[in-house]
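Okay, here's what each chain looks like letter by letter:
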2 protein chains.
Amino acid sequence: MCDQCGCGQMGEGAPQDRQRLTLAADLRAAQADTARHNREHLAALDAVAVNLVSSPGAGKTTLLESILSSLSTSRPVVVIEGDQQTDNDARRIAATGTPVFQINTGAGCHLDALQVHHALHELEVPQGALVIIENVGNLICPAGFALGQAADVVLLSVTEGEDKPAKYPQAFSDAAAMVLTKTDLLPYLDYQKDRCLGYARALNPHLPIFEVSARTGQGLEPWIRWLLALAP
Amino acid sequence: MCDQCGCGQMGEGAPQDRQRLTLAADLRAAQADTARHNREHLAALDAVAVNLVSSPGAGKTTLLESILSSLSTSRPVVVIEGDQQTDNDARRIAATGTPVFQINTGAGCHLDALQVHHALHELEVPQGALVIIENVGNLICPAGFALGQAADVVLLSVTEGEDKPAKYPQAFSDAAAMVLTKTDLLPYLDYQKDRCLGYARALNPHLPIFEVSARTGQGLEPWIRWLLALAP
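Here's what I pulled together on the structure shown here. (Residues numbered from 1 in each chain as written. Chains lettered and ligands numbered in written order. Predicted model: local features only at pLDDT ≥ 70, side-chain atom pairs only at ≥ 80, totals over all residues. Heavy atoms only, no water.)

Digging into the nonpolar core
In this structure, M178(A), I80(B), V125(B), V131(B) and M178(B) are the most contacted members of the largest nonpolar core, which totals 64 residues. Broken down by element, this core gets its largest block of residues, 4 residues, from helix 4 (residues 113-123) of chain B. With near-sequence residues (within four places) excluded, V125(B) lies in contact with L42(B), L45(B), A47(B), V78(B), L120(B) and V131(B). (Core = buried A, V, L, I, M, F, W, Y, C linked by side-chain atoms within 4.5 Å. Buried < 20%, exposed > 50% of the residue type's maximum accessible area, 1.4 Å probe, protein only. Helix = DSSP H or I, 4+ residues; strand = E, 2+ residues; numbered from the N terminus. Contact = heavy atoms within 4.5 Å.)

In structure tokens, the structure reads:
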């Protein structure tokens, strides 16, 4: 209720809010069912999926371009790309020779389990594959939706500032690993790396953190080993 | 329907989807009512609001820190900060001497008009003020929600890559101006600036674009003049 304006239209707890909460719970349950199905689908193939989450422009696609050839010498790799529009990222991944399927979410702000299910069938996932899901560029919404992945990885670029884990905690709390990208730019920034890592570890104390530069190749090997060790 | 798995649980157009669309339309209408109320509230004070939208870490707060003292010599300025967690940004703005109100959205991925309405009352907006709303760091969701602003400004940092306008178009289509930030880093990047600006102008042909560096001060003056000229 707006006392100052006397407009009488600003009450809290409107019927829509309650209805929204109920519907959100229903949708979440349906998502969880489909995600469970995706996991079973992958497990039957001895395959495993990893979900990459970050802000737009943190460098997910560039990082994949730089590691896909190394990964695919050890196990089959396929990629699912999520963006609102364009197949730019799928074309970049396809140029590395890796099978890829692009999902365009339109107005959607994250991938959902049904879209990933469709992509798994389109890709004809090989036995023993690593399925890399590059989610829509959004540090917030993708963190709340299970897709059938064995692990979430949150990427953060050094140009995004130190306090993002504290401000947008869910992606960091849920992550099985964090990748700090674009470390080649550190000499040109006023960036307190330990402050950033401290915020992340305050939420997730044993979080493995890989510091990488796709441009120089620095730090990529430990991150590749971690991905290859992922098991269903 | 999943033919390969034969699970029979993957039909499209589930009842939840239809229910969700109806509810989303109801919520959007309620938001629009509150946004209209906020605009009237501001117009009665001869004040105007601008809504800043970007990815996390594009430099919204740093840019505000660098222009608030200039702005406030010409007209009263107040700031509304949106983040999921922390009052880090409000403390930074308060240190400049500018009145500020922090909204924490919790799990929410964007500000809504009711939150802004509350903030307008808490701030006791002065006559003739410029109200700067720094939305939650998210290039997608904030673009879809009216708050009562006279103008949206989308910020994009040069470290985010060239194709973000094409991939996440709504914020760029809706914007009254675009600010390209962190231009001091251009010498250290492989960045095709004209490609990025071309994507933005393909969506919004007459979009004013300000290229700025908060660190060096380059390009700030035209952006300040544009903000000061905003009218209800």
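Having seen the structure, we can now continue with the description.
Looking at the pattern of salt bridges
Enumeration according to the criterion identifies 24 salt bridges over all chains in this entry. For D33(A), the salt bridge goes to R36(A), with nearest N and O atoms at 2.9 Å. Residue D33(A) and its partner R36(A) are located together in helix 1 (residues 15-44), separated by 3 residues, close to a single helical turn. For D33(A), a relative accessible area of 37% puts it in the partly exposed group. Among the charged side chains, a network of salt bridges with common partners joins E65(A), D83(A), D89(A), R92(A), D163(B), K164(B) and K167(B). (Salt bridge = Lys/Arg side-chain N within 4 Å of Asp/Glu carboxyl O.)

Some remarks on the packing of aromatic side chains
Residues and elements named next belong to chain A. This structure, assessed with the given rule, holds 7 aromatic pairs over all chains. Between the aromatic rings of W223 and W226, the centroid separation amounts to 6.1 Å while the plane-to-plane angle is 20°, which identifies the pairing as stacked. Taken as a pair, W223 and W226 lie in helix 8 (residues 220-228) at a separation of 3 residues, close to a single helical turn. Assessed through its relative accessible area of 0%, W223 is described here as buried. Note on W226: relative accessible area 18%, which makes it buried. (Phe/Tyr/Trp six-rings, centres within 6.5 Å; stacked < 30°, edge-to-face > 60°.)

Digging into the interface of chain A and chain B
Tallying the contact residues gives 55 residues for chain A and 55 residues for chain B. For the pair chain A and chain B, the summed buried area comes to about 4,500 Å², and 60% of that belongs to carbon and sulfur atoms. For the pair chain A and chain B, the number of links is 6 salt bridges. Residue D190(B) pairs with R215(A) through a salt bridge whose shortest N-O separation is 3.4 Å. There are 17 residue pairs in polar contact (both at pLDDT 80 or more) connecting chain A and chain B. Elements supplying a minimum of two residues to the side of chain A that touches chain B: helix 1, strand 2 (77-83), helix 3 (88-94), helix 4 (113-123) and helix 5 (164-167) of chain A. Residue contributions to the side of chain A that touches chain B peak at 11 residues, all from helix 1 of chain A. When the residues that make up the side of chain A that touches chain B are grouped by side-chain class, the tally is 22 nonpolar, 20 polar and 13 charged. (Buried area = accessible area lost by both parts, 1.4 Å probe. Polar contact = N/O pair within 3.5 Å; in protein donor to acceptor, adjacent residues only side chain to side chain. Nonpolar A, V, L, I, M, F, W, Y, C, P; charged D, E, K, R; others polar.)

Spatial relationships are all this shows, so hold off on functional conclusions.
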